[in-house]
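Tertiary structure, described
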Amino acid sequence: MTSDMGLLDELSPEQLGWLGDDPGRVRADLFARLDELYVPARQWPAPTFTEKVVAELVPTFGDAQWRALGVWAQLRMNLLHTRGTDHRPDPTLLAARVAERKLAWTGDEVELLWRAAIGPSLLDYRHESSTALPWAATESLSREAQRRHLPLMRQIHEALTDNPWAPHSRLKRDMDILLAEHAEDDPVRATAYLVGAGDGFATLMATEYGSRLGDPKALPLLCHWITATAARPAPAWLRQAAALLTPDTGPLVRDILSRVPAHRETTIRHRNGDHEWTTTTYLNERTAVALRGLVWTCELIDEPWTVPLLGEVALAAGTGIGGSGPNSRSEKLVNAALLVLAGHGGLEVVAPLARMQTKVRKRSILAKVTRTLDAVAEQAGLSREQLLDRTVPTFGLDPDGVREEKAGEHVLRLALDEAGTPLLTFLDPAGKPAKSAPKAIRESNGGLLTEFRNTLKEIRKTLSSERHRVERALAEDRLWRWSQVEEFFLDHPVTGVHGRRLIWQILQGPAGIPVRTDDGWELTDPIGRRIQPRADTPMRLWHPIGETVEEIRGRRDHLLEIGLRQPFKQVFREVYLLTPAEERSGTLSNRFTGHRLRYGQAKALLSERGWTGLSLGHWDAAGGSEQGEAVKEVPGWQARWDMHLPWESWETDGYDAPAAFCLSGPIRFYRTGEEPSQEEFRRPAPLTEVPPLVLSETMRDADLAVGVSSVGLDPQGQGDYWHSYNFGDLTETAEIRRDALTRLLPRLRIADRAELTDRFLRVRGDLRTYRIHLGSGNILMEPNDAYLCIVPDVAPDHVFLPFEEEGGMLSVIISKALLLAGDAAITDPSITRQIRA
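Below: a short report on this structure. What you see as residue numbers is a count from 1 along each chain, following the sequence as written. pLDDT decides what is reported in this predicted model: residues at 70 or higher carry local features, side-chain atom pairs at 80 or more are listed and counted, and totals for whole chains, interfaces and linings draw on all residues regardless. Side-chain figures throughout are based on the complete set of non-hydrogen atoms in the structure, without hydrogens or water.

1. Some details on the pairing of strand β21 (residues 769-773)
Summary of the burial criterion: residues with accessible area below 20% of their type's maximum are buried, those above 50% are exposed, and those between are partly exposed, where the area comes from a 1.4 Å probe applied to protein chains only. Numbering of helices and strands runs from the N terminus, with a helix taken as a DSSP run of H or I at least four residues long and a strand as a DSSP run of E at least two residues long. With 5 of its 5 residues buried, β21 lies for the most part within the structure. Here, strands pair whenever DSSP counts at least two bridges between them. Here 5 bridges tie strand β20 (residues 760-764) to β21, and the two strands are oriented antiparallel to one another. Within β21, the position partnered with Arg762 by the bridge is Arg771. Taking the residues that link successive antiparallel strands as the turn, the β20-β21 hairpin has 4 residues. Here β21 pairs with strand β22 (residues 779-781) via 3 bridges, running antiparallel. Following the sheet pairing, Arg771 is matched in β22 by Leu780. Count of turn residues in the β21/β22 antiparallel hairpin: 5 residues, of which Gly777 carries a positive phi of about 80°.

Dropping the structure here:
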C-alpha cells in the first residue's frame, strides 16, 4: 500500500459500505487533510502525529469534525490491525482524544465505529484501546437508541467473552452492565451478564438469586457491586451504594453472603494432547469483586447479623484451599470483610476475629486481624488476650450452660452436657424430651427454631476455637488473677466447659482441679486438700514440665479415679527435655529430621497449631519451591522447621503439581524480643538458652505432625523407614500413650488377656497372640511376626479416655485390642484370611 493513497482508497468494498453511499462533504474533506499528515514514521516521528493534528486541525473543529476525526482514526486502526503496519503512525492516541469529548454521535456512526472495532485486536490485549471510542460513543446515545444496537453489542460481547485478556477488563464489565440494564424483562439473564459463570458461586447467584438480583429495584445495586475493583471503597462509592440500597436489598445481601461459608472450591481437569493439568477455583475474579461489593455494602447496614456473618465470610475466605494451609481462598473477600469489621469496631467484632486467629494461617491476614484486635483492646484499655478473655459470647446460656424458651405448650432447650457437648432438645407439656422438633414448633415457631439451630452451630464453633485458645494459653504460660479465672474460665457457660476440667495452679504454689462450693470456687488436689485462692492471687494453668515424676504420677492416677476427661492433654502432656545430642549440636535440633511426611496433612496440622509460611510445590518461587520452612511465633521466640521435597518428587508428582510428600529437616530457634539486635535475630540461638517450655511445646507440635502425617502409617508400606517407624522405639507421645494404658488396662474387660511390654500392647486371642505397637498402632502376629492390617476404628463410648488426643491413636489401639481379644468371633474376611493364613 503506497503512502500517497488516502483512507477511502485503502478501504475494502465492505468497509466503504459502512460509510454509506455518500460519506459527506465534511467527512471527505477532513479525511483528505488527515491523509496528508499520515505519512510513514521514517519521514515523520510517529509520536508527533497526534500533536500535529491537534495543532493544525483541531482549533477549527466543530462537533461534526470531531466525529469525523473519530471515524477516520477508528478505520485507520482497523486497517493497522487487520493488514499489519506500514511504518505509519498508530492512530490509537488520536481515537482516545476523541473518546474524551462529549459529542452528539448518531446511531449510524456508532454502528460504524463498532464494525471497525471488530478484528484481531478484539481478541487480544489491545481490545480496550481499540474499543475505547466506540464505547464512549455508545454511552452518549439515549437508552432507546442503544436498544437498536443490542444485536451488535451482543456480538461484541461474545467476542470479548472468548478473549482471554478481556474477562476482567473494564470494557467487559461496562458492556455487561449495559446488556444487563437492557434485559429488564429477563432478570435471570440480566444477573448472568453481571456475575458471569466463572465458578460455582457465580452460577448459584444467577440461578438461585437471579430473579431477585435482576429485579429493577436491585439491579442498579448489582451493577454497582461489580465496580468494587479497588482495595477499599472510596467515599463516593459508599454514597452511591447508600443511595441504591433499599429495604428489599438489605435482606438480599444477607441471604447471598450467608451462602459463602458453605461454598467450596471446584477442581477441573484439563487435557491438551498428552499434557494434563488441573485448576482449582474458589471464586473467579468477577465473582470475588461482586462479593466484595456486597461486603462493603454491609458497612451501611445496621443489623445484628452483619458482624457475625462478616466473621463467617472472612473465616471461609481467609482459610486455605480445603479449609487449611498457609494461603487464603480469596484475599479480596477476606480483606473486604476485615476492613468492614475494623471500621465497625467495638467488642462484638472480637469473637469472630478470635475464631479467625485459630483457623487462618496467612501471615498478612493474621496481621490485619491482630491490628484490629489491638485497636479494640487499646480502646478498652486491655491487652489483646485480656480482650479475648472478656468477649467470648454466652449465647444466652445460664451459668449451668442451659437456655430454655417456651414455644406454645412446648419448650426448646439448648444445653451443654457433662462432656461439654451442645444438645438441642424439645420438651413436651409433660416435660418429656424429644430430639426432633414437634410439628407444633415447626409450624408455629419456625423462627425461634431456626434461631436455636443456628445458635447450636455457633456454640460448636466457639467451643472448638476456645479449646485451641486455652491450650495456647497453657503453652505460653499466661498469668491471671484468681477472680479472672473464676469469671472467664469457670463461671462462663462456654469456656467453662474446658476450664472446669483443667488443673489451675497458684504461681509457685499448690495446684488443683476446680470444685464449686457455696462460697465460690476452690481447688482440690489428688489427696483431697482444698485451696481457696484470694481474688488477686496470681494463677496459671498447671504444666507437667516443672513437676516431679511422683507429682505427675499422682495427678494421672487421680484423673482416672474421678473419671475426668480433659479437653486436651494437660496431666498426660508430653514433655520434651533437651537431649545430650542437642546440647552438643549447639543451635539445631535433629530430633525430627528425616521423616517422610504427607505434605498436605503435615501442613494442615501445623497450620492449626499456629505454624505459618510453609509452601512447597513444583512451580515458581512465588507459589512454592523445593525448600521451605514452617514458622511459629511465641512470646519472645520464633521456631523454624526446615522442610524440603524429596529429590524424586519431580518424577512422581509431575510438573506444575502440588507436593505429595516432604522431608523434615532440623528445627532452630531465634529470639524475637521487643527490640532484638539484628545479630540475635539473624543467628539461631543455642538450644541451651531456649526456655524449656518453648522447646517442649515446639517439639510436641513436631511430634504430632510426624505422628499424623508420616508415610510410616501407610498399612501397605515397606522399607527400612516404614519398619523403623512402625515397630521401633517410642516417641514421647507414644510413651505418654503407654503410661495411660498402664492405668486403663486394669479397667478393661480384656485385662486378663493384655499386657504391656516396652513398645507393644500384647493381646492374647483365642486363635493367635498379637502385638500392637504403641506408636503406630500397627500389629504383628506371633509367633512369626506376620503383619496384620486392620482398618482403624475408635474405641467404644463406654471406654473412658482421660484426654482428647490429636489423631486418636490411643482410642485406635484400644479398639484393636478389644477386637483381637475376641478374634474367634471376627467375621470380616479381610481380617480372618490374615489371621488364619
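2. A few points about the side chain of Ser465
Within the secondary structure layout, Ser465 lies in helix α25 (residues 446-476). Not counting chain neighbours up to four residues away, the residues in contact with Ser465 comprise Arg355 and Thr358. Two residues form a contact once any of their heavy atoms are found within 4.5 Å.

3. Some words on helix α26 (residues 482-490)
Here α26 lies mainly inside the structure; 7 of its 9 residues are buried. For α26, the set of buried residues is Trp482, Gln484, Val485, Glu486, Phe488, Phe489 and Leu490.

4. A closer look at the sheet that holds strand β5 (residues 422-427)
What the 4 strands build is an open sheet, ordered β3-β4-β5-β6; its pairing is antiparallel. At either margin of the open sheet sits one strand with a lone partner, and together these are β3 (402-407) and β6 (433-434). By the bridge criterion, 6 bridges tie strand β4 (residues 410-416) to β5 in an arrangement that is antiparallel. Counted as the bridge partner of Arg413 is Thr425 from β5. The angle between two axes is taken between their N-to-C directions and runs from 0 to 180 degrees, where each axis is a line fitted to C-alpha atoms and a helix contributes only its stretch in contact. Each of β3, β4 and β5 is contacted by α25, which is oriented at about 5° to β4, the strand it contacts most.

5. Points about the pairing of β5
Taking burial as the measure, the 6 residues of β5 include 5 buried ones, the bulk of the element. If you look at the hairpin formed by β4 and β5, you'll find 5 residues sitting between the two strands, and Gly420 has a positive phi there, around 85°. With 2 bridges joining them, β5 and β6 adopt antiparallel strand pairing. Residue Phe426 lies in a different strand from β6, and its bridge partner there is Ala434. Hairpin connection, β5 to β6: the antiparallel pair is bridged by 5 residues, and Gly431 has positive phi, about 85°.

6. Considerations on the nonpolar core
Residues Leu257 and Met356 are the most contacted members of the largest nonpolar core, which totals 118 residues. Excluding its chain neighbours within four sequence positions, the residues that come into contact with Met356 are Ala314, Leu315, Val334, Leu338, Ile365, Leu366 and Val369. Formed by 76 residues, the second largest nonpolar core is a distinct cluster that contains Met699, Ala754, Val763 and Ile779. Nonpolar cores are built from buried Ala, Val, Leu, Ile, Met, Phe, Trp, Tyr and Cys residues. Side-chain atoms within 4.5 Å join them into one set.

7. Observations regarding the pattern of salt bridges
Any Lys or Arg side-chain nitrogen found within 4 Å of a carboxyl oxygen on Asp or Glu counts as a salt bridge. Counted under the stated rule, the structure contains 53 salt bridges. Between Glu697 and Arg573 there is a salt bridge, with the nearest N and O atoms lying 2.9 Å from each other. On the criterion of sequence distance, the pair formed by Glu697 in helix α33 (residues 692-709) and Arg573 in the loop between α28 (549-562) and α29 (580-585) is long-range, its members being 124 residues apart. The residues Glu697 and Arg573 share a single accessibility class, namely buried. As a salt-bridge pair, Glu782 and Arg762 come within 2.9 Å of each other at their nearest N and O atoms. Residue Glu782 is located in the loop between β22 and β23 (786-788), and its partner Arg762 is located in strand β20; the two are separated by 20 residues in the primary sequence. We classify Glu782 as partly exposed; its relative accessible area is 21%. Several salt bridges converge on common partners, so that one network encompasses Glu471, Lys569, Arg573, Glu574, Arg609, Lys632, Glu697, Arg700 and Asp701.

8. What to know about the sheet that holds β23
The 5 strands lie next to each other as β19-β20-β21-β22-β23, forming an open sheet whose pairing is antiparallel. Only two strands of the sheet have a single partner each, and these edge strands are β19 (754-756) and β23. Mean inter-strand twist for the sheet, computed between neighbouring axes without regard to direction, equals 30°. Here 3 bridges tie β22 to β23, and the two strands are oriented antiparallel to one another. Bridging from a neighbouring strand, Met781 pairs with Ala786 of β23. Most of the contacts of helix α37 (residues 829-836) go to β23, to which it runs at about 165°, and overall it touches β21, β22 and β23.

9. Thoughts on the packing of aromatic side chains
Ring pairs shown here join Phe, Tyr and Trp side chains whose ring centres sit within 6.5 Å, with only the six-membered ring taken for Trp; geometry is labelled stacked below 30 degrees between planes, edge-to-face above 60, and tilted in between. Scanning the model with the defined rule gives 8 aromatic pairs in all. Ring plane angle 70° and centroid distance 5.5 Å describe the contact between Trp480 and Trp504, whose orientation is recorded as edge-to-face. Of this pair, Trp480 sits in strand β7 (residues 480-481) while Trp504 sits in strand β8 (residues 504-506); the two residues are 24 residues apart in sequence, bridging distant segments of the chain. Under the relative-accessibility criterion, Trp504 is labelled buried at 0%. The structure contains a cluster of three or more aromatic residues connected by ring pairs, namely Trp480, Phe489 and Trp504. Put simply, a charge is over a ring when the Lys NZ or the Arg CZ is close to the ring centre, within 6 Å, and near the line of the ring normal, within 35 degrees. Sitting over the face of the ring of Trp542, Arg555 holds its NZ or CZ atom 5.6 Å from the ring centroid. Above the face of the Phe760 ring, Arg771 is positioned so that its terminal group lies 4.6 Å from the ring centre.

10. Digging into the layout of surface pockets
Both site types are read off a 1 Å grid over the protein atoms alone. A 1.4 Å probe that fits but cannot get out defines a cavity, while an open set with protein on both sides within 12 Å along at least five of seven lines defines a pocket; lining residues have an atom within 4 Å of a point. Grid points are joined across faces, edges and corners, and a volume is the space filled by probe spheres set on the points. One number sums up the size of the largest pocket: a volume of about 1200 Å³. The wall of the largest pocket is formed by 32 residues, among which Arg472, Glu476, Gly610, Glu633 and Val634 lie closest to the centre.

11. A closer look at empty space enclosed by the protein
Evaluated as defined, the whole model comprises 5 cavities of 30 Å³ or more. Considered as a void within the structure, the largest cavity measures approximately 70 Å³ in volume. Lining the largest cavity, in full, are Val350, Ala351, Ala354, Arg355, Leu388, Thr391, Val392, Pro393, Thr462, Ser465 and Glu466. Taken together, the elements giving at least two residues each to the lining of the largest cavity come down to α21 (350-359) and α25. With 4 residues, α21 is the single largest residue contributor to the lining of the largest cavity. Here the residues of the lining of the largest cavity are counted per class, giving 6 nonpolar, 3 polar and 2 charged. We call Asp, Glu, Lys and Arg charged. Ala, Val, Leu, Ile, Met, Phe, Trp, Tyr, Cys and Pro are nonpolar, and the rest, Gly among them, are polar.

12. Quick look at the packing of helix α30 (residues 599-608) against α33
Closest axis-to-axis distance for the α30/α33 pair is 9 Å, and the angle between their directions is 145°. Seen from above, α30 lies across α33 with right-handed handedness. Mapping the contact onto sequence places Gln601, Ala602, Leu605 and Leu606 in α30 and Asp701, Leu704, Ala705, Val708 and Ser709 in α33. Looking at side-chain class alone, the contact of α30 with α33 contains 6 nonpolar, 2 polar and 1 charged residues. Note on convention: near helix rotated counterclockwise from far helix by under a right angle means a left-handed crossing. Clockwise means right-handed.

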